[in-house]
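Commentary on secondary and tertiary structure
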Amino acid sequence: MALEARGTPESLPGLDVVSTTPETKQSTSGVALAPELPYARVVLDQPVPHLDHPFDYSVPLSMHDDAVPGARVSVRFGAQKLNGYILERRADVEAGVSPIPLLKVLTPFPVLNPLVATAARAVADRYAGTLSDVLRAAVPPRAASVDKEFRTEAEVSEAEAGSRAASSSFDSSESAWRHYEGGPDFLAQLAAGESPRAVVTVLPQAAGDWTQLVTDALTATHASGRGTTVVVPDARDLQLLETRLAEHEPAIDVARLNAEDGPTPRYRNFMSVALGRTNVAIGTRSAAFAPLKAPGLYILWQDADQSLNEPRAPYQHAREVLLLRASLEGAGLLILSTSRSAEAQRLVATKWALELAAARDVRRSFSPRIVVTGDDFEREKDPFLHASRLPRAAWTAAKDALEKGPVLIQVARTGFVPTTSCERCRAAASCKHCHGPLSLSHASAVPTCQWCGRVANAWSCDVCGFTKLRARAIGADRTAEELGRAFPKFPVVSATGAQPKYEVSDKPQLVVATPGAEPRAHGGYQAALLLDGDRSLMREGLRVSEEVVHRWFDAVSLVKSASEGGRVVIAASQTDATQALVRMDAPGFAWRELEQRRDVNLPPACRSAVLEGPARSTDEFVESLSLPETVSVLGPVAFENPGTSGDYLHRWLLFFTYADGPNVAKELKNAKIRSSTHRKPVVSVRVDDSRAL
DNA sequence: AGCACGCCGACT
DNA sequence: GTCGGCGTGCTC
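Below is a short write-up of the structure. Nothing here was measured: the structure is a model prediction, and the numbers come from that model. All chains use their own residue numbering, which begins from 1 and follows the written sequence. To label them, take the chains in the order written and letter them from A, then take the ligands in the order written and number them from 1. Two thresholds apply to this predicted model, a pLDDT of at least 70 for residue-level local features and 80 or more for giving and counting side-chain atom pairs, whereas whole-chain, interface and lining totals are computed over all residues. Excluded from the side-chain calculations are hydrogens and water; all other atoms, namely the structure's heavy atoms, are used.

**Digging into the overall build of chain A**
Each helix is a run of H or I in the DSSP string that is no shorter than four residues. Each strand is a run of E no shorter than two, and both are numbered from the N terminus. Assigned secondary structure in chain A consists of 20 helices and 28 strands. Exposure is judged per residue with a 1.4 Å probe applied to protein chains only, and the accessible area is read against the type maximum: over 50% gives exposed, under 20% gives buried, and values in between give partly exposed. Burial statistics for chain A: of 693 residues in total, 53% are counted as buried. We call two residues contacting when some pair of their heavy atoms lies within 4.5 Å. A separation of at least 24 residues holds for 72% of the contacts in chain A among residues at least 6 apart in sequence. In the form shown here, chain A has an accessible surface area of approximately 30,500 Å², with 52% of it arising from carbon and sulfur atoms. Only the protein chains shown count as covering a residue, and every accessible area follows the Shrake-Rupley method with a 1.4 Å probe.

**What about the nonpolar core?**
Note on terminology: a nonpolar core comprises buried Ala, Val, Leu, Ile, Met, Phe, Trp, Tyr and Cys residues joined through side-chain atoms within 4.5 Å. The biggest cluster of nonpolar side chains holds 68 residues, and the ones touching the most others in it are Leu611, Leu654 and Leu668. Reported domain spans reflect what an automatic or database domain assignment gives. Counting the residues that make up this core, at least three belong to each of domain 2 (150–362) and domain 4 (607–692). Here Leu668 is in contact with Ala128, Ala609, Leu611, Phe621, Leu625, Leu654, Val685 and Val687, once residues within four sequence places are set aside. Counting 34 residues, the second-largest nonpolar core is a separate cluster that includes Ala176, Trp177, Leu187 and Ala220.

**Some details on unusual backbone geometry**
A cis amide bond links Ala313 with the next residue in sequence, Pro314, at an omega value of 0°. If you trace the backbone, Pro314 turns up in the loop between strand 10 (295–301) and helix 8 (318–329). Residue Pro636 is bonded to the preceding Gly635 through a cis peptide linkage, with omega at 0°. Along the chain, Pro636 falls in strand 26 (residues 632–640). One non-glycine residue, Leu37, lies in positive phi territory at about 40°. Mapping Leu37 onto the fold places it in the segment before strand 1 (39–44). Assessed through its relative accessible area of 31%, Leu37 is described here as partly exposed.

**Brief notes about the protein's contact with DNA strand C**
Taken together, the neighbourhood of DNA strand C is formed by 13 residues, with Leu51, Phe55, Asp56, Pro99 and Ile100 sitting nearest. We define proximity as follows: a residue is near a molecule or strand when any one of its heavy atoms falls within 4 Å of that partner. Taking all atoms of DNA strand C within 4 Å of the protein, the share assigned to sugar and phosphate is 33%. Residues adjacent in sequence count toward polar contacts only when both atoms are side-chain atoms; beyond that, a polar contact is any pair of N or O atoms within 3.5 Å, and within protein one must be able to donate a hydrogen and the other to accept it. Here a sugar or linking oxygen of DNA strand C and a backbone polar atom of Asp56 are 2.4 Å apart. Considered class by class, the residues forming the surface near DNA strand C number seven nonpolar, four polar and two charged. Each residue receives one of three labels: charged for Asp, Glu, Lys and Arg, nonpolar for Ala, Val, Leu, Ile, Met, Phe, Trp, Tyr, Cys and Pro, and polar for the others, Gly being one of them.

**A word on the packing of aromatic side chains**
Ring geometry is summarised as follows: Phe, Tyr and Trp rings, the Trp one being its six-membered ring, pair when their centres sit within 6.5 Å, and such pairs are stacked at plane angles under 30 degrees, edge-to-face over 60 and tilted between the two. In the structure shown here, the tally under the stated rule is six aromatic pairs. Note on Phe55 and Phe77: the rings are 5.0 Å apart at their centroids and 75° apart in plane angle, and the pair reads as edge-to-face. With Phe55 in strand 2 (residues 55–58) and Phe77 in strand 3 (residues 72–77), this pair connects stretches of sequence that are 22 residues apart. Given the relative accessible area of 19%, Phe55 is considered buried.

**Focus on helix 5 (residues 210–223)**
Given a helix with a known number of residues, its expected span is that number minus one, times 1.5 Å. The terminal C-alpha atoms of helix 5 lie 20 Å apart, and with 14 residues this matches the ideal 20 Å at 1.5 Å per residue to within 8%. Summarising burial for helix 5: 12 of the 14 residues are buried, a large majority. Among the residues of helix 5, those classed as buried are Trp210, Thr211, Leu213, Val214, Thr215, Ala217, Leu218, Thr219, Ala220, Thr221, His222 and Ala223. Of the residues one or two after helix 5, Gly225 is the one with positive phi, at around 80°.

**Here's the deal with the sheet that holds strand 19 (residues 492–495)**
Between any two strands, pairing holds if DSSP finds at least two bridges. Across the sheet, which stays open at both edges, the six strands sit in the order 13-24-23-14-21-19 with parallel pairing between neighbours. Single-partner strands in this sheet number two, and they are strand 13 (369–373) and strand 19. Within the sheet, the average angular offset between the axes of one strand and its neighbour, ignoring direction, is 15°. Taken together, the four bridges between strand 19 and strand 21 (residues 510–513) define a ladder with parallel strand orientation. Paired with Ser494 across the two strands is Val512, which belongs to strand 21. Here an angle of 0 to 180 degrees is reported between the N-to-C directions of two axes, which are lines fitted to C-alpha atoms, with helices fitted over the stretch in contact. Taken strand by strand, helix 13 (residues 392–401) contacts strand 13, strand 14 (407–410), strand 23 (527–530) and strand 24 (567–571), and its axis lies near 155° from that of strand 23. On top of the sheet, helix 16 (residues 544–556) reaches strand 13, strand 14, strand 23 and strand 24; it is set at about 170° to strand 14, its chief contact.

**As for the pattern of salt bridges**
Should a side-chain nitrogen of Lys or Arg be within 4 Å of a carboxyl oxygen of Asp or Glu, the pair is scored as a salt bridge. Inspection of every chain in the model, using the stated rule, returns 37 salt bridges. Here the residues in one salt-bridge network are Arg126, Asp303, Arg319, Glu320, Glu343, Arg543, Glu546, Glu593, Arg597, Arg607 and Asp688, joined through shared partners.

**Quick look at the sheet that holds strand 2**
Read from one edge of the open sheet, five strands run 2-1-4-3-5, paired in antiparallel fashion. For this open sheet the edge positions go to strand 2 and strand 5 (104–107), each flanked by a neighbour on one side alone. Averaged over neighbouring strand pairs, the angle between their axes works out to 50° when direction is ignored. One ladder, built from six bridges, connects strand 3 with strand 4 (residues 80–90); its direction is antiparallel. Its bridge partner lying in strand 4, Ser74 is registered against Asn83.

**Observations concerning the protein's contact with DNA strand B**
Neighbouring DNA strand B are Ala79, Gln80 and Arg679. Side-chain polar atom of Gln80 to a base nitrogen of DNA strand B: 3.2 Å apart, as the coordinates give it. Contact distances for DNA strand B include 3.4 Å between a base oxygen and a side-chain N or O atom of Arg679.

**Regarding helix 3 (residues 144–156)**
Helix length check: helix 3, at 13 residues, gives a terminal C-alpha distance of 19 Å against a target of 18 Å (1.5 Å per residue), a fit within 8%. For helix 3, the complete set of buried residues consists of Val146, Asp147, Phe150 and Ala154. Down the axis of helix 3, the buried side of the element spans an arc of 100°, and every buried residue falls inside it. Of the exposed residues in helix 3, the ones pointing more than 90 degrees away from its buried face are Lys148, Glu155 and Val156. In the core, the buried residues of helix 3 are packed alongside strand 5 and helix 7 (263–274). The arc refers to the directions leading from the helix axis to the C-beta atoms.

**As for the packing of helix 3 against helix 7**
Interhelical geometry of helix 3 versus helix 7 gives an angle of 35° and a closest axis separation of 9 Å. Seen along the crossing, helix 3 lies across helix 7 with a hand that is right-handed. Contacts between helix 3 and helix 7 pair Val146, Asp147, Glu149 and Phe150 from the former with Thr264, Tyr267, Arg268, Met271 and Ser272 from the latter. Its residues placed into classes, the contact of helix 3 with helix 7 shows four nonpolar, two polar and three charged. For a crossing to be left-handed, the near helix must be turned anticlockwise from the far one by less than a right angle; the clockwise case is right-handed.

**Some words on empty space enclosed by the protein**
One water molecule sets the probe size; rolling that probe over the atoms shows where empty space is left. Think of a 1 Å grid over the protein atoms and nothing else: a 1.4 Å probe that fits but is trapped marks a cavity, an open set flanked by protein within 12 Å on at least five of seven lines marks a pocket, and residues with an atom within 4 Å of a point count as lining. Grid points are joined across faces, edges and corners, and a volume is the space filled by probe spheres set on the points. Evaluation of the coordinates by the stated rule reveals six cavities of 30 Å³ or more. By volume, the largest cavity is sized at about 220 Å³. Contributing to the lining of the largest cavity are 20 residues, with Trp210, Trp301, Arg520, Ser557 and Leu558 lying nearest its centre. In terms of residues, the lining of the largest cavity owes the most to one element, helix 6 (residues 235–248), which gives three residues. Looking at the lining of the largest cavity residue by residue, the classes come out as nine nonpolar, five polar and six charged. Size it by volume and the second largest cavity reaches roughly 90 Å³. In terms of lining, the second largest cavity is formed by 13 residues, of which the most central are Pro140, Leu257, Arg266, Phe270 and Ser286. Listed by contribution, the elements that provide at least two residues to the lining of the second largest cavity are helix 2 (131–138) and helix 7. Partitioned by chemical class, the residues of the lining of the second largest cavity number 10 nonpolar, two polar and one charged.

Keep in mind that these numbers describe shape and distance, not what the molecule does.
Structure follows, in structure tokens:
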């Protein structure tokens, strides 16, 4: 806590030096300094790479109590006023440094706790970014009114903390963990104060859903007197978990950390963790930096979800943040997913983490029956099915299932008919004038060019000459409309990212959802139809099939078991991806993916960096790098600057081993420092950004 | 962002 | 020989 000031008289500006007591140090500006540890090492909130190191300031006597390590301060830096955080209080400064006083303590509480400061430094280093960039995600913006609340509260209740009774004893034989080999052991280790690391592919909902697994792991950790942080991809999952915890563990105080809750509640919840009043934090990606006092376990749900990538520099992924924290802090790690990312598989393959899996017959007993039916083939022959966009097997499954309960229909993506193709040969339809893509809008049935805006009145296919168009990736709204016509007796609900719905009843109904937005059905869906498979798999990109498999497994996990009549129909051609679903073998699929990446030396079998920027400076940037021989450097690729015309940028790719990672990141950071001190145009550096590849 | 220090050209 | 151009680097 705050250092205790001894009864040194406060000296006023302009007061004679002689009048201060001999022990009281003076700063160069003549202000009386704190009696103990009169200097503060400060990290500046300034994202310029060459300022990414601590600066020492003196602590005026008046700020002695408030200037605690982790406090938010305001300082003079050259001509400007900047904010920053105190990393530590010190007795001395390095030779040659003449410190000036802190201007102000903005938040007199440790909003940047030492564990978080260390972890944030490690994250910055790993991603060749600056500490202040990482802190922007780790520490929420200040809300002055909240600081005030806590300031007055702190005065009232000084000795409240302390005995946090390790209360709850739990019985793992009752837990959903009993279905997983090694599951009860895992809980026992956590309860005993150990820090195991595990990767788990969760069983379908019939075996008890993921929130039960999370709750039990959290409770076990709590019993050892330690805290837990749970990171989930989005507000829907956060809501589900919060509800579950409130119902089953009302005695455990939980802080909810979500940027979307708004600045004031966000900061208030954050503060309750930072001050040690709450030892359990749940939230979206930035909750990975929750400032727990005694972290025992980090849990990540659905680590393959794209929203766990921070969209701002240095583009860190919550999985990597938690991995670093678990290592640095000696805490446990639990990655839970309905499927298995190649990254998580790598942790299992290198034996860094345990794999806790259900036996094959257990897996089978909780799984729905899964069939694969061609995406297009059967539909061609049946005019009705053709119109409704449903393969026959899917239509039949839906019809039967609707006798008993809700049916989930997962479609590729949101929006209303983005592009079009020839109805006969399926070639993409393009504009006769400029070859831009044609689209159908809701308002008119006439296809319009997305580039030049011309209306294609008399369109004919470039390839086969046919004159009819069809919609390509059809969105959720359109599908809902069509299904409403196909099953007029049942209500149709649609759930997308923009219009979310978290839960539906067990009544017969059609639920159309885009990936990631599937509502949970009370008691599980009777059936799920996974549409648009081939079209989704046709997309460009290294990790498309992995992504499609993830979202299929997500949907499957919400369906009742086969013994309760649960059915899943996948409308896609037979591939490794569909095979993985039929066998319910997400780890096997991830293992093959990882092996293939290893063969061709692509992430996540290796690490990567993408460098982008103005052609000249980017090339110079790459040229200036001194990298180990083993790094492969690919480029440059020229591409048009989005938003401008005729402005070309260059992109370079670096692939390197995990062993070379720290050195490569360090060299990239050094090059950024060189480039920024010479006021060169900014080259963006993205380390391990799976979306950029 | 601003300020100091430093190495070349114009002037007393 | 001295004043001042702004170009480069540093700011605790």
